[in-house]
Amino acid sequence: MAESFAVINDYFLPFFQAEEKIQILYGGAGSGKSFAIMQKIIKLCLEEEGTRVLATRKFLSSIRESIFKTFKTFIIDHGLEGYVKINNTDMSFHFQNGSEIVTSGLDDVAKLKSIAELSIIWIEEATEIEKSDFDQLVLRLRGTQKRRKNIIISFNPVSPIHWLRDTFFDEENKRPNVF
């Protein structure tokens, strides 16, 4: 495996060590949050057999040029093609050890009902989604496996009236088990 894959930006080290169920990274464009999330997800997929990840955004149409393209580029740039099969048609990644990354838009949340046994859900650009979308994703994080169950949320700075601020940042509403 390429050595550069193992190099973690010191700033994101606490995120790599986080075990909380919900893990939030936010910051401006170009801050490295998406790269760190991809690096952590791929690392977990390689190390933890059978890890199943759903990477999502509000609209399916935006996934090909964002999440899928960035994962694919990362895998190729870091010499991981021998460990991961890339499916360009359904925008998914299948690892030799049974781990996989699937993508889906939230424009039709009914489609999520068929996605089961998830270990990790990554919500990219979470400011695009409604609270009801988030609630549906929480319901999808179920299954019989004893593995981790994490939701990773990433976004750029948020409006003071957005549900994300209410749900995760206002002192009176703060949830336990959130990084």
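Reading guide: rules and limits
- Every chain is numbered independently, its residues counted from 1 as its sequence is written.
- Only residues with pLDDT of at least 70 are given local features in this predicted model, and only at 80 or more are side-chain atom pairs given and counted; all residues enter the totals for whole chains, interfaces and linings.
- The basis for the side-chain values is all heavy atoms of the structure; hydrogens and waters are excluded.
- Numbering goes from the N terminus for both helices and strands, where a helix is a DSSP run of H or I of at least four residues and a strand is a run of E of at least two.
- Three labels apply to residues, based on accessible area from a 1.4 Å probe with only protein chains included: buried if under 20% of the type maximum, exposed if over 50%, partly exposed otherwise in between.
- Here a residue-residue contact requires only that any non-hydrogen atoms of the pair lie within 4.5 Å.
- Here a polar contact is recorded for every N or O atom pair within 3.5 Å, except that within protein the pair must consist of a potential hydrogen donor and a potential acceptor, and residues adjacent in sequence are included only if both atoms are side-chain atoms.
- Helix span, as expected, comes to 1.5 Å for every residue beyond the first.
- Pairing of aromatic side chains requires ring centres within 6.5 Å, counting the rings of Phe and Tyr and the six-membered ring of Trp. Pairs whose planes differ by under 30 degrees are stacked, by over 60 edge-to-face, and all others tilted.
- We call a set of buried residues a nonpolar core when its members are Ala, Val, Leu, Ile, Met, Phe, Trp, Tyr or Cys and they connect through side-chain atoms within 4.5 Å of each other.
- Here, strands pair whenever DSSP counts at least two bridges between them.
- Just to be clear on terms, a salt bridge is a Lys or Arg side-chain nitrogen sitting within 4 Å of an Asp or Glu carboxyl oxygen.

A word on the environment of Glu100
Argument step 1. The topology assignment puts Glu100 in strand β5 (residues 100–105).
Argument step 2. Taking the relative accessible area as the measure of exposure, Glu100 reaches 17% and is therefore buried.
Argument step 3. With 93 residues separating them in the primary sequence, Glu100 and Val7 have C-alpha atoms 22 Å apart.
Argument step 4. Apart from the residues lying within four places of it in its own chain, the contact partners of Glu100 are Cys45, Thr51, Arg52, Val53, Phe93, His94 and Phe95.
Argument step 5. There is a polar contact of 3.4 Å between the side chain of Glu100 and the side chain of His94.

Considering helix α2 (residues 33–47)
Argument step 1. With 15 residues, α2 extends 21 Å between its outermost C-alpha atoms, agreeing within 8% with the 21 Å of an ideal straight helix rising 1.5 Å per residue.
Argument step 2. Of all 15 residues that make up α2, 11 are buried, and the element is covered over most of its length.
Argument step 3. Along α2, the residues classified as buried are Lys33, Ala36, Ile37, Met38, Gln39, Lys40, Ile41, Ile42, Leu44, Cys45 and Leu46.

Details of the packing of aromatic side chains
Argument step 1. Tallied over the entire structure, the rule returns 12 aromatic pairs.
Argument step 2. Ring centres of Tyr11 and Phe12 lie 5.1 Å apart, and the angle between their planes is 90°; on these two criteria the pair is classed as edge-to-face.
Argument step 3. Centroid distance Phe15 to Phe179: 6.3 Å. Interplanar angle 35°. Geometry classified as tilted. Pair noted here: Phe15 is in helix α1 (residues 13–17) and Phe179 is in the segment after α5 (163–169), with a separation of 164 residues, a long-range link.
Argument step 4. Aromatic ring contacts, followed pair by pair, group Phe68, Phe71, Phe93 and Trp122 into a single cluster.

Topic: the nonpolar core
Argument step 1. If you look at the biggest cluster of nonpolar residues, it comprises 29 residues, and the most contacted ones within it are Ile41, Ile42, Phe71, Phe93, Phe95, Ile101 and Trp122.
Argument step 2. Of all the secondary structure elements, the ones that give two or more residues to this core are α1, α2, β2 (52–57), α3 (64–77), β4 (92–95) and β6 (120–123).
Argument step 3. No other element matches the eight residues that α2 contributes to this core.
Argument step 4. Among residues more than four places away in sequence, those in contact with Phe95 are Ile42, Cys45, Leu46, Tyr83, Val84, Glu100 and Ile101.
Argument step 5. Formed by 22 residues, the second largest nonpolar core is a distinct cluster that contains Leu112, Ile121, Ile123 and Phe134.

Looking at the pairing of β6
For a regular strand, side-chain orientation follows a simple rule: the groups alternate between the two sheet faces.
Argument step 1. Here β6 shows a buried face lined by Ile120 and Trp122 and a second buried face lined by Ile121 and Ile123.
Argument step 2. Pairing between β2 and β6: four bridges, direction parallel. Counted as the bridge partner of Leu54 is Ile121 from β6.
Argument step 3. The pairing of β6 with strand β7 (residues 150–155) spans four bridges and is parallel. Looking at β7, one finds that Ile121 is bridged to Ile151.

So, the pattern of salt bridges
Argument step 1. Across all of its chains, the model carries six salt bridges by this definition.
Argument step 2. We note a salt bridge from Glu47 to Lys43, for which the minimum N-O separation is 2.9 Å. Here Glu47 pairs with Lys43, and both are found in helix α2, just four residues apart, close to one helical turn.
Argument step 3. Lys43 gets classed as partly exposed once you look at its relative accessible area, which sits at 29%.
Argument step 4. Across the salt bridge formed by Glu128 and Arg57, the nearest N and O atoms sit 2.6 Å from each other. Placement of Glu128 in the loop between β6 and α4 (131–140) and of Arg57 in strand β2 is noted, with a sequence separation of 71 residues between them.

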